[in-house]
Number of protein chains: 2
Amino acid sequence: MEKIRIVLDACGGDNAPDEIIRGAYEALKTRDDIEIILAGPEEEIREKVSEYSDIPSGRISYCNATQVIDMAEPPVKAIRHKKDSSIVKGLTLVKEGNADAFISAGSTGAILVGGQLIVGKLPGVKRAPLAPLIPTKKGVSLLIDCGANVDARPEHLLSFAKMGSVYMENVLKKKNPTVGLLSIGTEEEKGNALVKETLPLLKECSDINFTGPVEARDVPFGAADVVVTEAFAGNIALKMYEGTAKMLASVLKESLTSTTRSKLGAALALPALKKGLKEYDASKYGGAPLLGLKGLVVKAHGSSKAVEIKSAILQCLTFSKEDINGKILERINKEEQ
Amino acid sequence: MEKIRIVLDACGGDNAPDEIIRGAYEALKTRDDIEIILAGPEEEIREKVSEYSDIPSGRISYCNATQVIDMAEPPVKAIRHKKDSSIVKGLTLVKEGNADAFISAGSTGAILVGGQLIVGKLPGVKRAPLAPLIPTKKGVSLLIDCGANVDARPEHLLSFAKMGSVYMENVLKKKNPTVGLLSIGTEEEKGNALVKETLPLLKECSDINFTGPVEARDVPFGAADVVVTEAFAGNIALKMYEGTAKMLASVLKESLTSTTRSKLGAALALPALKKGLKEYDASKYGGAPLLGLKGLVVKAHGSSKAVEIKSAILQCLTFSKEDINGKILERINKEEQ
């Protein structure tokens, strides 16, 4: 049986290394066809791993890395200078073909820069977008691009639409996924210069199921399976979605615990509330892939716990088994042949 | 006593004319220093008004308008051709000095275009931004610009910062309001070209209390009193805030009514929930002003009911009494003298 080799950044995120290691352990218990390489200070990580006595031997290996890239470090400089960091060493394993995928909950900027500089883009791909999945009333939508390469051009957005469609078709198993272009109205005459220049490209593309511009207001209701956007607007849409949900959750919690009566009510309503809100929990989707690279790079949320790390690992498995990169390569270069 | 004369578009929004008229009635009952002019089909509106027997005579007048601008109509064309619409006639009253303010829950595009074409901008103002207030964990923030004039330049954003500060200081009575620039990170090296070019202008401006870039994720938590942004990103931030809140409210409602036990819990928790969520109800703020015009133009939400219309009227009152336009004029032109 061919095994998928996944490098996990054991130093990345708020809950490293404990939750990262636990996530690896949970994933290894679920599937036989993965191997995990933990990148970070080897001695310390080995000791943590030794607490899990039932990990089959040979399924976890180590990539010793003595440096850590902080969230606040300028990404390009960090990637260039911290050659012994878990991110640089982990990405190098992917570049050299010694691993299939790299997952990190660390610095988004460093992962984006490192992914492009170290792993490199697939031939024909001009930009590698960061594409998180966001839960909606209809299931889940891919918001592409939410990364750091701002000020994109129309042809970049066209390639995001193609890559996003391949991802939704093959990883999420969504047939003929709809593609919407994020704008400030559903009418075609609305939008900025980029939207207006991108619209004809998306309409003419026979490889995607383009349904027109979508408003941000409709995105949480599942306006399109793939929501295409330039990274600055995409990042703002994503962060506003997260921020508003977090703010309202805190208001809800405060309200429900504010009086004796409300506490009793909350206790009664809790099972139904949990069940309802579980559908909108992004953790089961694991992380945001950086699409269009020669290997797979996944950015997990900085606050990821074991469940997110496990989901990210399983997402990488599907990504590799379905040969998403082969399909992206084909789709992106089809019209250029 | 000098009275503030406010034109209300009786044809605009989902609940026109009934809720518009009721809003006018509620406002007139509260304050003696306003007069309302209802724009729309006079005969029909007079009949509706006659249902309120206790409106003091002379405090409501009419501006007969036989046309209605639909939400879907291209705004520029609508403003040019529908000369007998409630929006064109209402804005003309403001332009000619026969009214101080115009409020409409109708087509945002037509109000924005009409405000600039008919009422006109204050001297020195290059763009008139739409500036809605959004409830946050710390109170309320002004998101400026969320309008239709996309692709702004750095000097426009600087003027938004100044106008927004004047508004928050004088209408919301916020002393020395903080100003943030919406970006994709709080670090100065993040952001798109516009953000990077705007940063030095905001930092150098002594008239505002600029605190740096803000992330969309922190906006619902009150990251800044005035959140400055180009209209495309601003509109996406605003609509994502609204859409996410609406989606989560529907999930909450479905969950709380899903089982007998949860229904009982919900009934017990309801008073506390209502009280908690009331703080985050945007209706008390009435509407979004279009700042920098020679008169006051307010866009009320399309779904506005009487309570929002009443709030918008009271907002206009403060705006006029505090001479916001005089203060904007002074602030905007200060550095050019």
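As the structure is a prediction and not an experimental result, all values here were calculated from the model.

## Topic: the side chain of Ser107 of chain A
Residue and element names in this part refer to chain A. Take Ser107: it is sitting in the loop between strand E4 (101–104) and helix H5 (108–119). Given a relative accessible area of 3%, Ser107 falls into the buried group. Reaching out from Ser107, the side chain makes a polar contact with the backbone nitrogen of Ala110 at a distance of 3.0 Å. Dropping the residues within four chain positions of it, Ser107 is found in contact with Ile69, Asp70, Met71 and Ile87.

## A short note on the interface of chain A and chain B
Between chain A and chain B, the residue contacts involve 61 residues of the former and 61 residues of the latter. For the pair chain A and chain B, the two sides together bury roughly 5100 Å², of which 74% comes from carbon and sulfur. Between the two partners, chain A and chain B, sit 6 salt bridges. Of the charged contacts, one joins Glu242 of chain A and Arg217 of chain B as a salt bridge, the two residues approaching to 3.0 Å between their closest N and O atoms. At the junction of chain A and chain B, the tally comes to 14 residue pairs in polar contact (both at pLDDT 80 or more). Looking at the side of chain A that touches chain B, the elements that each hand over two or more residues are strand E5 (133–136), strand E7 (178–183), helix H7 (193–204), helix H8 (231–256) and helix H9 (260–278) of chain A.

## Quick look at the pattern of salt bridges
Side chains carrying opposite charge are able to pair once their charged atoms draw close together. Residue and element names in this part refer to chain B. Scanning the entire structure with this criterion turns up 37 salt bridges over all chains. Two residues, Lys82 and Glu73, come together in a salt bridge whose shortest N-O distance is 2.8 Å. Lys334 is paired through a salt bridge with Asp207; the nearest N and O atoms lie 2.8 Å apart. Here the residue Lys334 occupies a position in the segment after helix H11 (324–333), and Asp207 occupies one in the loop between helix H7 (193–204) and strand E8 (209–215), the gap between them amounting to 127 residues.

## Structural notes on the environment of Gly109 of chain A
Looking at the element boundaries, Gly109 of chain A is found in helix H5. Of the residues examined, Gly109 of chain A reaches a relative accessible area of 12% and is grouped as buried.

## Focus on the sheet that holds strand E2 (residues 34–40) of chain B
Residues and elements named next belong to chain B. In spatial order, the strands read E3-E2-E1-E4-E11-E10; together these 6 strands make up an open sheet with mixed pairing. Sheet topology places strand E3 (60–64) and strand E10 (287–290) at the edges, where each strand pairs with a single neighbour. Neighbour-to-neighbour, the strand axes of the sheet open up by a mean angle of 25°, direction not taken into account. Against the sheet, helix H2 (residues 42–49) touches E2 and E3, its axis set at about 160° to E3. Those strands touched by helix H10 (residues 306–321) are strand E1 (4–9), E2, strand E4 (101–104), E10 and strand E11 (296–300), and its axis lies near 145° from that of E1.

## Focus: the packing of aromatic side chains
All names here are of chain A. Under the definition given, this model contains 4 aromatic pairs over all chains. Ring centres of Tyr167 and Phe319 lie 6.0 Å apart, and the angle between their planes is 50°; this geometry places the pair in the tilted category. Within this pair, whereas Tyr167 is found in helix H6 (residues 154–170), its partner Phe319 is found in helix H10 (residues 306–321), the two being separated by 152 residues in sequence. For the pair shown, Tyr167 and Phe319 are each scored as buried.

## Examining the sheet that holds strand E10 (residues 287–290) of chain A
Residue and element names in this part refer to chain A. Ordered by their spatial adjacency, 6 strands build an open sheet running E3-E2-E1-E4-E11-E10, and the pairing between neighbours is mixed. Unpaired on one side and paired on the other, strand E3 (60–64) and E10 mark the two borders of the sheet. Looking at each pair of strands side by side, their axes are set apart by 25° on average, direction ignored. Note that strand E1 (residues 4–9) and E4 share 3 bridges and pair parallel. Directly across from Ile6, in E4, lies its bridge partner Ala101. In the packing of helix H4 (residues 86–95) onto the sheet, the strands contacted are E1, strand E2 (34–40), E3, E4 and strand E11 (296–300), and the crossing angle to E4 comes to about 160°.

Thresholds applied
Here the residue index of a chain counts from 1 through its sequence in written order. In the order they appear in the text, chains get letters beginning with A and ligands get numbers beginning with 1. Under the rules for a predicted model, residues below a pLDDT of 70 receive no local features and side-chain atom pairs below 80 are neither given nor counted, while totals for whole chains, interfaces and linings still include all residues. Side-chain metrics in this entry use all non-hydrogen atoms of the structure; hydrogen atoms and water are not considered. To qualify as a helix, a DSSP run of H or I must reach at least 4 residues; to qualify as a strand, a run of E must reach at least 2; elements of each kind are numbered from the N terminus. When a residue's accessible area, from a 1.4 Å probe over protein chains only, is under 20% of the maximum for its type it is buried; when over 50% it is exposed; and in between it is partly exposed. Polar contact is defined as a pair of N or O atoms within 3.5 Å, subject to the rule that within protein one atom must be able to donate a hydrogen and the other to accept it, and that residues adjacent in sequence are counted only when both atoms are side-chain atoms. The contact rule is simple, with two residues in contact once any of their heavy atoms fall within 4.5 Å. A 1.4 Å probe defines the accessible area here, and the buried area is the portion of it lost by two parts on being joined, summed over both. Salt bridges are identified by distance alone: a Lys or Arg side-chain nitrogen within 4 Å of an Asp or Glu carboxyl oxygen. Pairing between strands requires that DSSP locate at least two bridges from one strand to the other. Between N-to-C directions, angles span 0 to 180 degrees; the directions come from axes that are lines fitted to C-alpha atoms, helices contributing only their stretch in contact. Pairing of aromatic rings covers Phe, Tyr and Trp, the last counted by its six-membered ring, and requires centre-to-centre distances within 6.5 Å; plane angles under 30 degrees mean stacked, over 60 mean edge-to-face, and any other angle means tilted.

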